[in-house]
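Listed below, chain by chain, are the residues.
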Amino acid sequence: MSLPNGPYNPQETENEILNFWLENKLYKPEYNPSEDRIMSTEEMKADVREAWALICPPPNAYARPHIGNISGYAYQDAMARYARMQGKKVLVLPGKDHAGLEGEGVFVREVLEKQGRNKFDIKRKDFYAEMMDFFMKNIDIARNDEKTIGLSADFDRDTFTLDPAIVETVLDTFVEMYNDGKIYKGVRIVNWDPKARTAVADNQVEFKESQTPFFYFKYSFPEPETKAIELRREYEGKGVLWKVQESDEKTYYLMGETHKGIKILGVGYDKVPAGNEVNGEVIGIQMRLDGDFRLVVKGIDFEGDIQSEVNKVTLELFSKIAGSHIILFANNHDEKLYTNGFVIGTVRPETIFADTAIACDPKDARYKQYVGKKIDVEFLGEKKTLHFIEDYAVDKDFGTGLLKVTPAHAVEDWEIAQRHTECLPAIQVIGYDLRLNKLTGKYNGMGIKEARRAMQEDMLANGNLVYVDENYQNKIKIAERTKAAIEPLLSSQWYLKYDGIREAAIEMVKSNQVTIHPDNMVKKFDHWMENLRDWAISRSLWWGYRLPVWYAGKVFEEIDDNGHVKEFIEINGKKEELDYKNSNHLRVQKQNPGKGWIQDENVLDTWFSSGQWVYATLTKYNLMDKFFPTSVLVSAHDILENWDSRMMMFTYFKHKQIPFKDLFLTGLVLGTDGQKMSKSKGNLIDMDKVRTEFGTDSVRMTYFYQNSAGASYSVTPDKLKNFKQFNNKIWNAAKFVLMNAENATDYTYSQPKLEGLKLENSKTIFNHIINTKAAVTKNINNFEFGYATDTLYQEFWHTFCDLYIESSKQYLNTIKDKESGEVISEPSLDDKQETLNVLIYSLKEFIKMLHPFIPFITEKIWRELPKVEGDHKTVMYSRW
RNA sequence: GGGCAGUUAGCUCAGCUGGUAGAGCGCUCCGUUUACACCGGAGUGGUCAUAGGUUCGAAUCCUAUACUGCCCACCA
């Protein structure tokens, strides 16, 4: 019953305590606290204690976790320790994630490339084996960090996502979902990296500022505009008198009316013409889709190339007028060019051949008359029919407010086409070699830039080119690794439909079967769920679960005569279009169907497996019957959408159940600079250094203290120092109590009761303890760890230590006058006994309440404290 | 651009259902040296982002604006 002198030494204590917990297997649900032995799993299941389970989110096991990654474990652990102290049998199941895309990326960059090797020089099987080695090493490191932070997880059951038993479950789900019609194969748009000749994921794409010509081109109506022809005959070359009607500060836009009431436009004057009247020569006409038109008058300042001058200023001025464009009389006398049409801006004229629709903003009144119709247009002398649709992705204030919809060659357009299926099938006019195909006629075989130049001339000659903005700035997508410009193209992919499971997950939250903390995150969740689209689950990687899909022969993609991308299969030298419903072509099953069958090259998206984590792990250990659904899931709020929501959906699909009752979302840990802590930002805090300097319990306290669910917070030396001092305070208070108990002769501890207390002092602190316990219990039950630790800090330090311990001294020691040495007070034996009882009782209560948060120091002190019935040798299993 | 948060003492943050502003660090002064100097006591310090509104009363509820952060989508 005593503690060593001097300040609290966390390093010494933590190692010793950690070994004690681990060696005695106290973290396992099989530990039987009343008999102090490890039960068999069957006995454990039969045990009447209430089951409580938490499955740890598996961290990406390609690098050591940092102090921010670790924060989640502190929360998971606090909940688990609290549950144990409630007398529950607790399963905390740790795991590690293979992190498919990122994992492979890190391995290729950090290992292979540094050795001067290339992924494609290695056989898939060997690559996989090497990566597995790399991961296994990192897993050991990560597991060790979990242990040292005090995570009381059943490490014997630590599970890797590529564990054979997990793979089994994940692939079974794939097969079941396929048979259920939830998984299907379809063509979709991908980011094609022409250099690597592979599709790359969105987060492997970066953007680069680029100056690209912006073409305003016209889809002409087939019939010439008779009005334009008439106007030309009437006005070309004539002078008209007009006056200023509107202006801004720099340029005066002059408008007027002719004697016949026809509006005239004059543009670009630097100064107001004298008398507001100008005689100008009519050089063209501005046509508008709504039937309105204006005459274009040669301005007094126009010199040189009239067309480019007029076009430039006119486009600036009239870019916001629906479809308006300028026909210049001086340019060409061919009357067939006097046709109206839709003026559309694009940086990619070469994809015009793949357009399937024209779209406008639903808020745009200008084009309403065309919406929903099929429109005949002419481009480069060829007639084509396009759908005219409206979609919220179109911005009426950008360009002319019209968008050409090219589902095969733009991600945004592809998504529009999903909402407007009349835009499908998509037409692909660019091949995987980035050359235009035969659907583009004379441009067949040209590269993209070459085709653009050729088209520019042809468009001008055919009246399809309105204006080219050579200085247009845009962002182009480039591949992160090869730095090649990404070409969006169609490729065959596996999809997952969320039908049914999406609604089930929304309902789980709505009906409070799953409670999200903090509740404001429900909005985030709902917003995500309501906007879900089919999920592309295949990835062209090697690291992960290879799809359980088998083909009866070689499968390849081709673009047919209509520009439609189709998949073909070659069986015994015979080429057929792939029918994924035909079991002679394709089978979805785990086992190889037989000789000659070829497995799909792709692997599953990582979320497809992590989304099944709860039941995949419990199934592996045959624990579904006792620990499912689990009690709580702790995750950082930035993966609410990607992970937590999918877990609900998968679990519903597989077990028609919720995966967990409570979902606790932690905030992100910020560095001392206030930015999200991450390796790339260089604001990491060294875990080992901090633990050595301040102690693990101090680190854990900074995670909890005055922090609320979902809120970001920083780890700073100030806070760490503060909690180091707090731990020391606890240490010294315990030393004081134990020392006095030790020194009292004939004293044995008996647990005090409120009604038996005589001293006012004792009653006051006793009531404090009761109130504190009620408050802290309520806080923890409400997942309010910030309040719980705040309360404990204040009550322990400023009530128990500063007030009670100080005032208790008069009942423990003889108090003498400092100068004379005269005895001032002498405590009675009864008072001393009562005071010691209350001191020990209070300390024990605080130690128990603090244990979920700062387990090491509390365990160390607990060992020295006298026990009564209900107390266990370890504070972990002592009743709350 | 869409969504979600945040903006309170010099710094890091609490303030849970509206009722005269709190903690830690820092700073100032005093004290204590048989639990603890990694201590105790006292104090300094805030027009609670800005502007409106609701209310007897608002840091707290509503609206708008500004700035910061996070997630998603990225512009034809």
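Residues numbered from 1 in each chain as written. Chains lettered and ligands numbered in written order. Predicted model: local features only at pLDDT ≥ 70, side-chain atom pairs only at ≥ 80, totals over all residues. Heavy atoms only, no water.

### Topic: the overall build of chain A
Within chain A, the regular secondary structure consists of 23 helices and 41 strands. Pairs at least 24 apart in sequence give 75% of the contacts found in chain A among residues at least 6 apart. If you sum the accessible surface of chain A, you get close to 38600 Å²; carbon and sulfur atoms cover 47% of it. (Helix = DSSP H or I, 4+ residues; strand = E, 2+ residues; numbered from the N terminus. Contact = heavy atoms within 4.5 Å. Areas by Shrake-Rupley, 256 points an atom, 1.4 Å probe, with all protein chains shown as cover.)

### Remarks on the protein's contact with RNA strand B
Near RNA strand B there are 50 residues, and of these Y472, K719, N722, Y787 and W797 occur at the shortest range. When atoms of RNA strand B within 4 Å of the protein are split into backbone and base, the sugar-phosphate part holds 70%. One of the side-chain nitrogen or oxygen atoms of D718 is found 3.3 Å away from a sugar or linking oxygen of RNA strand B. At 3.4 Å, a side-chain N or O of D802 approaches a phosphate oxygen of RNA strand B. Only β18 (341-346), β22 (402-405), α12 (521-530), α19 (717-743) and α21 (785-812) provide two or more residues apiece to the surface near RNA strand B. Broken down by element, the residue count for the surface near RNA strand B peaks at 13 residues, all from α19. Here the residues of the surface near RNA strand B are counted per class, giving 20 nonpolar, 15 polar and 15 charged. (Near = heavy atom within 4 Å. Polar contact = N/O pair within 3.5 Å; in protein donor to acceptor, adjacent residues only side chain to side chain. Nonpolar A, V, L, I, M, F, W, Y, C, P; charged D, E, K, R; others polar.)

### Comments concerning the environment of K185
Tracing the backbone shows K185 in strand β7 (residues 183-193). For K185, a relative accessible area of 11% translates into the label buried. A distance of 2.7 Å separates polar atoms of two side chains, one belonging to K185 and the other to Y551. For K185, the side chain forms a polar contact with the side chain of E567, separated by 3.0 Å. (Buried < 20%, exposed > 50% of the residue type's maximum accessible area, 1.4 Å probe, protein only.)

### As for the pairing of strand β3 (residues 51-55)
For β3, a buried count of four out of five residues is recorded, marking the element as mostly surrounded by other parts of the structure. For β3 and strand β4 (residues 89-93), the ladder comprises five bridges, and the chain directions are parallel. Residue pairing in the sheet places I55 in a bridge with L93 of β4. At this point the chain moves from β3, through helix α3 (residues 67-85), to the parallel β4, and the crossover so formed is right-handed. (Pairing = 2+ DSSP bridges. Right-handed = clockwise from strand over helix to strand, strands pointing away.)

### A closer look at the pattern of salt bridges
Scanning the model with the defined rule gives 46 salt bridges in all. When the shortest N-O distance is used, the salt bridge between R700 and D77 registers 2.7 Å. You can see R700 sitting in helix α18 (residues 696-704) and its partner D77 sitting in helix α3, a full 623 residues away along the chain. The buried category is assigned to R700, whose relative accessible area is 0%. Its relative accessible area of 0% is what places D77 among the buried residues. (Salt bridge = Lys/Arg side-chain N within 4 Å of Asp/Glu carboxyl O.)

### Notes on helix α17 (residues 687-694)
Residues of α17 that are buried: M687, V690, R691 and F694. The buried residues of α17 occupy an angular sector of 100° when the element is viewed end-on, so they sit on one face. A positive phi of about 95° marks G695, the residue just after α17. (Arc of directions from axis to C-beta.)

### Remarks on the sheet that holds strand β27 (residues 535-536)
Read across the sheet, four strands follow the order β8-β7-β25-β27 without closing on themselves; strand pairing throughout is antiparallel. The outermost strands of the open sheet, each flanked by one partner alone, are β8 (198-200) and β27. The strands touched by helix α9 (residues 411-419) within the sheet are β7 and β25 (487-496), with β7 carrying the most contacts at an inclination of about 160°. (Axes fitted to C-alpha atoms, helices over the stretch in contact; angles between N-to-C directions.)

### Structural notes on the layout of surface pockets
Considered as a void within the structure, the second largest pocket measures approximately 1600 Å³ in volume. V347, R348, N474, K475 and I476 are, among the 44 residues lining the second largest pocket, the residues nearest its centre. Here the lining of the second largest pocket gets five residues from one element, more than from any other, and that element is helix α10 (residues 448-461). In terms of residue class, the lining of the second largest pocket is built from 20 nonpolar, 12 polar and 12 charged. (1 Å grid on protein atoms, 1.4 Å probe; cavity = no way out; pocket = protein on both sides within 12 Å on 5 of 7 lines; lining within 4 Å. Points joined across faces, edges and corners; volume = space filled by probe spheres on them.)

### Concerning the packing of aromatic side chains
Taken as a whole and assessed by the stated rule, the structure comprises 59 aromatic pairs. Between F342 and Y370 the ring centres are 4.9 Å apart and the planes differ by 80°, which places this aromatic pair in the edge-to-face class. Note that F342 is positioned in strand β18 and Y370 in the loop between β19 (357-360) and β20 (374-379), a separation of 28 residues in sequence. Of the two residues examined, F342 and Y370, each falls in the buried class. For the ring pair F783 and F785, a centre distance of 6.4 Å and an interplane angle of 85° mean the geometry is edge-to-face. The exposure classification of F783 matches that of F785, with both residues buried. Three or more aromatic residues joined by ring pairs make a cluster, and in this case those are Y705, F723, F726, Y793, F796, W797, F800, Y804 and F846. Its end group placed over the ring of F568, K575 keeps NZ or CZ at 4.7 Å from the ring centre. Between R863 and the ring centre of F20, over which it is positioned, the NZ or CZ distance is 4.7 Å. (Phe/Tyr/Trp six-rings, centres within 6.5 Å; stacked < 30°, edge-to-face > 60°. Lys NZ or Arg CZ within 6 Å of the ring centre and 35° of its normal.)

### Regarding the sheet that holds strand β31 (residues 565-571)
Taken in spatial order, the three strands line up as β30-β31-β32 in an open sheet, and their pairing is antiparallel. With partners counted over all chains shown, the strands left at the sheet margins are β30 (554-559) and β32 (574-577), one partner each. Taking the axes of each pair of neighbouring strands and ignoring which way they run, one obtains an average angle of 35° across the sheet. For β31 and β32, the ladder comprises four bridges, and the chain directions are antiparallel. When the sheet's bridge partners are listed, I571 is paired in β32 with K574.

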